[in-house]
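Topology and contacts: notes
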Amino acid sequence: MIFKPHEPYIAFRWLLKGRGQTVLLLAGIAVGVAVQFFLSSLIGGLQLSLIERTVGSAPHIYVLPPDSVPTGFLSENGQAADSRRVPYTENLEILSWNQYVDYLKGVPEVAAACPVAGGQAFIERGGASLNVAVKGITAEDGALVYNFARNLKAGRLDLVGDSAVLGRTIAEKLQLSLGDRFFMRNNKGTGDFFTLAGIFDLGSVQANALVFLSLDRARSFFSLNGINSIEVRIREVFQAEALAKKFRLEFSRVKFESWQERNQELLTALRSQSGSSGVIQFFVLFAISLGIASVLGIAAVQKSRQLGILKAMGVDNRGAARIFLIQGLSLGLTGSLIGIALGYALGAAFLRFFGTGTFGLQLKAFNLVTPAVLAVLGSAVASVIPARRAAKLSPIEVIRNG
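Computed from a predicted structure; not experimentally measured. (Residues numbered from 1 in each chain as written. Predicted model: local features only at pLDDT ≥ 70, side-chain atom pairs only at ≥ 80, totals over all residues. Heavy atoms only, no water.)

Quick look at helix H13 (residues 365-382) now. In this model H13 runs 26 Å from its N-terminal to its C-terminal C-alpha over 18 residues, within 8% of the 26 Å that 1.5 Å per residue would give. Buried within H13 we find Asn367, Leu368, Pro371, Ala372, Ala375, Val376, Gly378, Ser379, Ala380 and Ala382. (Helix = DSSP H or I, 4+ residues; strand = E, 2+ residues; numbered from the N terminus. Expected span 1.5 Å × (residues − 1). Buried < 20%, exposed > 50% of the residue type's maximum accessible area, 1.4 Å probe, protein only.)

Shown next as structure tokens:
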């Protein structure tokens, strides 16, 4: 669309003449853009924080033994078998785990694959007994899966012999310090002494109730022939379910579970947050467009005599319409620029005074530019109504009626 030189001049002159209305419109657009930016950044930061707490220091895909296999009630000769027999075969271990680990480590999307052997145990110290979950891992792979470079708060990941690394919850409850010896009993009643080599904090009480041993020591402690699972960390966290589906097609003797499958309620909550944010932003944009349309519509009525004179002087219908389109675009663009600055200042102030808490803001260019673009488009669409009214105006009737 090409504007003639006189059209922007007339449009800006009318905006400056009604500066009170213009200022109010600009303020409304700016506040709307700032609110949309702040809201989308706030919800984005909250979602990133929730995801980080859920899978930031946890596996993304779990490789587990196959589900229980049903067995028949009839014996080979066709007679009913012992009714007291358990009607299924339960698989608790992965025996040929090395081939799965080697395969997973060769997949480009996989950052780490760690074999895990363990079970439930009790740590006994003095008169206290604490139920814990024990995991035997390989130190190199486990450090990547659980991000021990960041989460190991004291000591070192020294998983050799009887060394153990405990969560902060366990260490605080039992008042254990680095180098202390403690007795741990397995689910079969036997136990042994271990030495505390390190203390970690994975960010939740449940995760901090873990005990890590070396893989071989855990297998020996629980009398396992294989391992219980393989924990996988991938490079793109949201590709976990797609990657798990791909693995399910390739392997039938083990099952794959993604973190999305285990956290359906969290994903539902995240989708609900995004949906509510979209609804709020739509109504903010609708209110901005409605305000522009109403003000410019009133301006079209107020400027009817001037429009009639302009048309009598040679301004065609399209030219009259373009005057109001220029006003709408100018209001949207100027208000959006002010809103971007206001939104960024609001976000920066939030990060400065409240950003050290549970979550911060997701200050991305997309969150900043998208509300501004939508506001400009909304302003342009809103100006179509008065533009059409101006195009249909008859100069003879306007001048005749005064």
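All told, the structure shown has 11 salt bridges when counted by the stated rule. Across the pair Asp162 and Arg217 runs a salt bridge whose closest N-O atoms are separated by 2.7 Å. Here the residue Asp162 occupies a position in the loop between strand E6 (152-155) and strand E7 (163-167), and Arg217 occupies one in helix H7 (residues 215-221), the gap between them amounting to 55 residues. Taking relative accessible area as the criterion, Asp162 reaches 29% and is therefore assigned partly exposed. Note on Arg217: relative accessible area 15%, which makes it buried. A salt bridge links Glu257 to Arg262, with the nearest nitrogen and oxygen atoms 2.8 Å apart. Judged by its relative accessible area of 42%, Arg262 is partly exposed. A cluster of three or more residues bridged by salt bridges with shared partners is formed by Asp162, Asp192 and Arg217. (Salt bridge = Lys/Arg side-chain N within 4 Å of Asp/Glu carboxyl O.)

Turning to unusual backbone geometry, a few remarks are in order. In the Ramachandran plot, Asn147 falls in the positive-phi region, its phi being about 50° despite a non-glycine side chain. Phi at Gln175 is positive, roughly 55°, even though this residue is not glycine. Mapped onto the elements, Gln175 comes out in the loop between helix H6 (168-174) and strand E8 (181-186). The class of Gln175 is exposed, set by a relative accessible area of 65%.

What follows covers the nonpolar core. The biggest cluster of nonpolar side chains holds 52 residues, and the ones touching the most others in it are Ile123, Val132, Phe182, Met184, Val211, Ile230 and Val232. If one sorts the elements of this core by residue count, strand E4 (residues 110-125) sits on top with 5 residues. Those residues within four positions of Phe182 in sequence are excluded, and the remaining contacts are Ile123, Ala164, Leu166, Leu176, Asp192, Phe193, Phe194, Thr195 and Leu196. Of all hydrophobic cores here, the second largest spans 14 residues; its members include Val145, Phe148, Val165 and Leu210. (Core = buried A, V, L, I, M, F, W, Y, C linked by side-chain atoms within 4.5 Å. Contact = heavy atoms within 4.5 Å.)

Now for the pairing of E8. Relative to E8, E4 runs antiparallel, the two being bridged by 4 bridges. The residue bridging Ile123 from the neighbouring strand is Met184, located in E8. Looking at chain direction, E8 and strand E9 (residues 191-200) are connected through 5 bridges and run antiparallel. Bridge pairing links Arg185 to Gly191 in E9. (Pairing = 2+ DSSP bridges.)

Here we come to the side chain of Ser258. Note on placement: Ser258 falls in strand E12 (residues 255-258). For Ser258, the residues in contact, after removing those within four places along its chain, are His60, Ile61, Ala240, Glu241, Ala244 and Arg248.

The next subject is the packing of aromatic side chains. Scanning the model with the defined rule gives 15 aromatic pairs in all. For the ring pair Tyr103 and Phe247, a centre distance of 6.2 Å and an interplane angle of 75° mean the geometry is edge-to-face. Of the two residues, Tyr103 sits in helix H3 (residues 97-105) while Phe247 sits in helix H8 (residues 240-250), which places them 144 residues apart along the sequence. You can call Tyr103 partly exposed: its relative accessible area is 28%. Residue Phe247 is classed as buried on the basis of its relative accessible area of 0%. Each ring, one from Tyr103 and one from Phe251, has its centre 5.0 Å from the other, and the planes form 75°; the classification is edge-to-face. Of this pair, Tyr103 sits in helix H3 while Phe251 is found in the loop between H8 and E12, placing the two residues 148 residues apart along the sequence. Stacked on the ring of Tyr62, the Lys or Arg Arg262 has its end atom at 3.7 Å from the ring centre. (Phe/Tyr/Trp six-rings, centres within 6.5 Å; stacked < 30°, edge-to-face > 60°. Lys NZ or Arg CZ within 6 Å of the ring centre and 35° of its normal.)

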